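Spelled out, the chains give:
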Amino acid sequence: MPHELIALEPRKPVLREYEEPELRLCQIRISTEFASPKHGTEMVGYRNEPSARRSYDPEWGCMIPRAADDGPRNFQLGNMAVGVITEVGPEVRRFEVGDRVFGHLPIRETHTVDEGAVDPLPDGLEAEAVVCLDPAVMALAIRDASIRLGDQVVVFGLGAIGLMAVQMARIAGADQVIGVDPIKARRDVAKALGADTALDPLAEGGDAGMAIRRISGTAWSEVEPPAGARVLGGYWEVPTQFGQRGVDVAIEASGSIPALHHAIRATRFGGTICMISYYGGDAAGLRLGDEFHVNRQQLVSARVESLPLRDAPAWTLERLVEVALGWLTSRRLRTDGIVTPVVPFEESAEAYREIDEHPERSIKLGISFTDAR
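Description of the structure in this document.

## So, the nonpolar core
By size, the foremost hydrophobic cluster in this structure holds 55 residues, and its most contacted members are M164, M168, I251 and I338. Those elements giving two or more residues to this core turn out to be β7 (80–88), α2 (127–130), α3 (133–139), β11 (152–156), α4 (160–171), α5 (184–192), β16 (247–252) and α9 (317–330). The element that contributes the greatest number of residues to this core is α4, accounting for seven residues. Once residues within four sequence positions are removed from consideration, M168 is found in contact with A136, A139, L140, I142, W327 and L333. Counting residues in each nonpolar core, the second largest holds 26 residues, with I28, L105, A349 and A351 among its members.

Listed below in structure tokens is the structure:
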């Protein structure tokens, strides 16, 4: 019998046998070649973090607590997979046996799905690149940050999504791109993919925001009202150069609340902080009475799956997917060094546990099924 990777309970990944379902008229059977999990959002459910115990109610437009429980059971793990079709139902029209396909699928040896659930693998696109489609699409949410030509941009969190955001900031016209992550391997990949510099926040005395201000913007250090400033009732207007130290746009892609605080701290007066992360816990360490209160910044929540998009109907989720897939295929978006480590399927349970307990050892886990047959 084939096997799949599941969490029996929070933080307990195992390989479990399952039975193949009967193939229906419009279904296809896929033999998996390569797969990968989602290190951010998926981990929130896997760990049963606070936000995983709430669900979004579309009628009310807010989160509603679930009934008390101990967390998910038999929770399927995985985000994207690539494979070859081994069987087709009699009414399947899109595919034939032997076609290679990809889609949002869990980590298991086979998949029996409707033919519309997957797409053909583009010629020349490697499996390790196509499993980066999801982080590429998620990173395209930075469109809401409105990066402009010549901007200075910082990206907090250099996982797969953050590494895509580094490249997209450059595509959007950023003149300087700074990466921030405590893990050296991720900083090295960021620089190889186009970041001008990559900082270790732990090596900056715990003040990554100030470190970024030191290398971005222009200084203004006067402490008295400058000549020409208007004073009324003890309040004084300041010139346009006030607060120009700091980046124009900060992208928060780590899911860390302290990182969000330093993204705000690193951003100039009137700048934009774009949050593309999913925050699973509480907001300890976020001090909105500091720079955010004074610097009149724009805090933008960006998510490509919260539909319609801000610039709909011209932009849809389908259009974002087409753009990201085209950039990956043309290598305008590079994936070098992102999918690491790559392990055989039979070692996937331990490898999955590692990405939770030792995130410094991976960027985006890849799972190969070639040796599992």
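## Notes on the sheet that holds strand β6 (residues 75–76)
Sheet architecture is open: three strands sit in the order β2-β1-β6, paired in antiparallel fashion. Strands at the two margins of the open sheet, each flanked by one partner only, are β2 (12–17) and β6. Where strand β1 (residues 3–9) meets β2, six bridges bridge the pair, whose relative direction is antiparallel. By the bridge assignment, A7 is partnered in β2 with P13. Running over the sheet, helix α10 (residues 348–357) touches β1 and β2 and is turned about 160° from β2.

## Some thoughts on the layout of surface pockets
The computed volume of the second largest pocket comes to approximately 330 Å³. Along the walls of the second largest pocket sit 18 residues, with M80, H104, L133, D134 and V321 positioned nearest its centre. Sorting the residues of the lining of the second largest pocket by element identifies β8 (100–103), α3 and α9 as the ones contributing at least two each.

## Overview of the pairing of strand β5 (residues 62–65)
The pairing of strand β4 (residues 54–57) with β5 spans four bridges and is antiparallel. Bridge pairing links D57 to C62 in β5. Counted along the chain from β4 to the antiparallel partner β5, the turn is four residues long, and its residue G61 has a positive phi close to 70°.

## Some thoughts on the pattern of salt bridges
For the coordinates displayed, the defined rule picks out 24 salt bridges. The residue D356 makes a salt bridge to R11 at a minimum N-O spacing of 2.9 Å. Residue D356 is found in helix α10, and its partner R11 is found in the loop between β1 and β2; the two are separated by 345 residues along the sequence. A relative accessible area of 47% places R11 in the partly exposed class. A salt bridge links E350 to R353; the nearest nitrogen and oxygen atoms lie 2.6 Å apart. In this pair, E350 and R353 are both assigned in helix α10, three residues apart and thus about one turn of the helix distant. Classification of E350 as partly exposed rests on a relative accessible area of 44%. Through salt bridges with shared partners, a single ionic network connects E4, R16 and R108.

## Comments concerning the sheet that holds strand β13 (residues 197–199)
Ordered by their spatial adjacency, six strands build an open sheet running β13-β12-β11-β16-β17-β18, and the pairing between neighbours is parallel. Each having just a single partner strand, β13 and β18 (298–301) make up the two edges of the open sheet. Here the strands of the sheet are splayed against their neighbours by 20° on average, with no regard to which way each runs. Those strands touched by helix α7 (residues 257–266) are β11, β16, β17 (267–275) and β18, and its axis lies near 150° from that of β17.

## Topic: the environment of Q167
With respect to the helices, strands and loops of the structure, Q167 is situated in helix α4. A relative accessible area of 6% places Q167 in the buried class. C-alpha separation for the pair Q167 and V177, spaced ten residues apart in sequence, amounts to 8.8 Å. Apart from the residues within four sequence positions on either side, Q167 is in contact with L193, R332, L333 and R334.

## Regarding unusual backbone geometry
For the bond from A312 to P313, the omega torsion is 5°, close enough to zero to count as cis. Relative to the assigned elements, P313 resides in the loop between β18 and α9. P341 follows T340 through a cis peptide bond whose omega is 0°. Topologically, P341 is positioned in strand β19 (residues 339–344). For S146, which is not glycine, the phi torsion reads 55° and is therefore positive.

## Notes on the side chain of E291
Among the secondary structure elements, E291 is positioned in helix α8 (residues 291–294). Setting aside its immediate chain neighbours within four residues, E291 contacts H261, I264, R265 and Q297.

Calculation rules
Residues numbered from 1 in each chain as written. Predicted model: local features only at pLDDT ≥ 70, side-chain atom pairs only at ≥ 80, totals over all residues. Heavy atoms only, no water. Core = buried A, V, L, I, M, F, W, Y, C linked by side-chain atoms within 4.5 Å. Buried < 20%, exposed > 50% of the residue type's maximum accessible area, 1.4 Å probe, protein only. Helix = DSSP H or I, 4+ residues; strand = E, 2+ residues; numbered from the N terminus. Contact = heavy atoms within 4.5 Å. Pairing = 2+ DSSP bridges. Axes fitted to C-alpha atoms, helices over the stretch in contact; angles between N-to-C directions. 1 Å grid on protein atoms, 1.4 Å probe; cavity = no way out; pocket = protein on both sides within 12 Å on 5 of 7 lines; lining within 4 Å. Points joined across faces, edges and corners; volume = space filled by probe spheres on them. Salt bridge = Lys/Arg side-chain N within 4 Å of Asp/Glu carboxyl O.

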